[in-house]
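# Descriptive analysis of the structure
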Amino acid sequence: MNLELKQKQFNSAMELYEGRNCHKLFGIFVAMTNISLQIYTLSRVLTISIGIRWQIISFIAAYLITDFVNGLVHLYMDDNDNYESWTGPLIANFHLHHRTPRYQDNKIFVVYFNETGSKVWLIFYLAAVAILLQQHNINTVLLYTLTYIGILSSVAELSHYLTHNSNSPVVNFLARSKLLLPKRQHAQHHLMDNISYTFLNGVTDPLVDFIARRFFTGYKNKTDLHYARYSGVNSPRR
Ligand SMILES: [Zn+2]
Ligand SMILES: [Zn+2]
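The sections below set out a description of the structure shown in this document. All of these numbers come straight from a predicted model, not from anything done at the bench.

The next subject is the overall build of the chain. Across its full length, the chain holds eleven helices and zero strands. In sequence order, the chain lays out its α and β elements as α-α-α-α-α-α-α-α-α-α-α. Against the globule reference of 18 Å for 238 residues, the chain gives a C-alpha radius of gyration of 18 Å, in line with a compact fold. Taken along its principal axes, the extent of the C-alpha atoms in the chain is 60 × 35 × 35 Å. Taken across its 238 residues, the chain has 36% of its residues classed as buried. Considering only residue pairs separated by 6 or more positions, the chain has 77% of its internal contacts joining residues 24 or more positions apart.

Attention shifts here to unusual backbone geometry. With phi around 65°, lysine 178 is a residue other than glycine that occupies positive phi space. Among the secondary structure elements, lysine 178 is positioned in the loop between helix H8 (169-176) and helix H9 (183-191). A count of 13 C-beta atoms within 10 Å places lysine 178 in the partly exposed class.

At a closest axis distance of 10 Å, the pairing of helix H3 (residues 51-79) and helix H10 (residues 205-215) adopts a crossing angle of 30°. Comparing the axis directions of H3 and H10 gives the class roughly parallel. Along this stretch, H3 crosses H10, giving a crossing that reads as right-handed. Taken together, the residues of H10 that come into contact with H3 (itself represented by Phe68, Gly71, Leu72 and Leu75) are Leu207, Val208, Ile211 and Ala212. Split by residue class, the contact of H3 with H10 holds seven nonpolar, one polar and no charged.

Look at helix H6 (residues 120-132) against helix H7 (residues 140-165): their axes get within 10 Å of each other, and the N-to-C directions meet at 155°. By the angle class used here, H6 and H7 are roughly antiparallel. You can see that H6 and H7 cross each other, and the crossing is left-handed. On H7, the residues touching Leu122, Tyr125, Leu126, Val129 and Leu132 of H6 are Leu143, Leu146, Thr147, Gly150 and Ser153. The residue makeup of the contact of H6 with H7, split by class, is seven nonpolar, three polar and no charged.

What follows covers helix H5 (residues 108-116). Among the residues making up H5, those that are buried are Val111, Glu115 and Thr116. Taken around the axis of H5, the buried residues stretch over an arc of 120°, which confines them to a single face. Summarising the geometry of H5, the exposed residues directed more than 90 degrees from the buried face are Phe109 and Val110. The inward-facing, buried residues of H5 abut helix H2 (21-45) and H7.

What counts as what
Residues numbered from 1 in each chain as written. Chains lettered and ligands numbered in written order. Predicted model: local features only at pLDDT ≥ 70, side-chain atom pairs only at ≥ 80, totals over all residues. Helix = DSSP H or I, 4+ residues; strand = E, 2+ residues; numbered from the N terminus. Rg over C-alpha atoms; globule rule 2.2 N^0.38 Å. Buried ≥ 20, exposed ≤ 12 C-beta atoms within 10 Å, placed from the backbone. Contact = placed C-beta atoms within 7 Å. Axes fitted to C-alpha atoms, helices over the stretch in contact; angles between N-to-C directions. Parallel < 35°, antiparallel > 145°, perpendicular 65-115°, else oblique. Left-handed = near helix turned anticlockwise from the far one by under 90°. Nonpolar A, V, L, I, M, F, W, Y, C, P; charged D, E, K, R; others polar. Arc of directions from axis to C-beta.

Below is the structure:
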């Protein structure tokens, strides 16, 4: 595909993103829907008792699956150059994260809200979990794991923000303990190509890296080139 054409499409998509309030309102709608569903699914699943051992197992499983699934979504989004689709403005804005070394400082809850507003796919996921919670024949450990994944997917966005913006000893300790994303590991994603896509704690990076190497060509010589002629600043994610 012609590079100049893609750059033009990118700039038009960003013009739409910046010019229309509906994208900001859409983000608020997505955040509110996701957070409502997270509260609903958690309060509902907490009425089921599975014992402390299964609680720990389901939480660890959810942590790993969240890291992996969100890494895959990131991989797919970094490769996506469909700027003329109805989600084109969101895709274009997403790509700008590769040139962002630091984000605007904000309170943790504000970051949680804003970043959750970028996760359109999470609405469908959480809605499916909410439906499963109405059924009576589903494995209860599975229900807990699915619910935790729905919440940890937003926590992953916080983890990414803290990797870029925080030098607090607590955050550094949590990163060393493999509960949050280590700075150096994530820096690879920005400095190199087609690598380190995960952003909850980075444990499943080898698996996502393997898939990326097999099926994707990377962003440095593809989507990163599309914003070369874009001069605006925005508040991208990841
Ligand atoms: Zn990326
Ligand atoms: Zn980043």
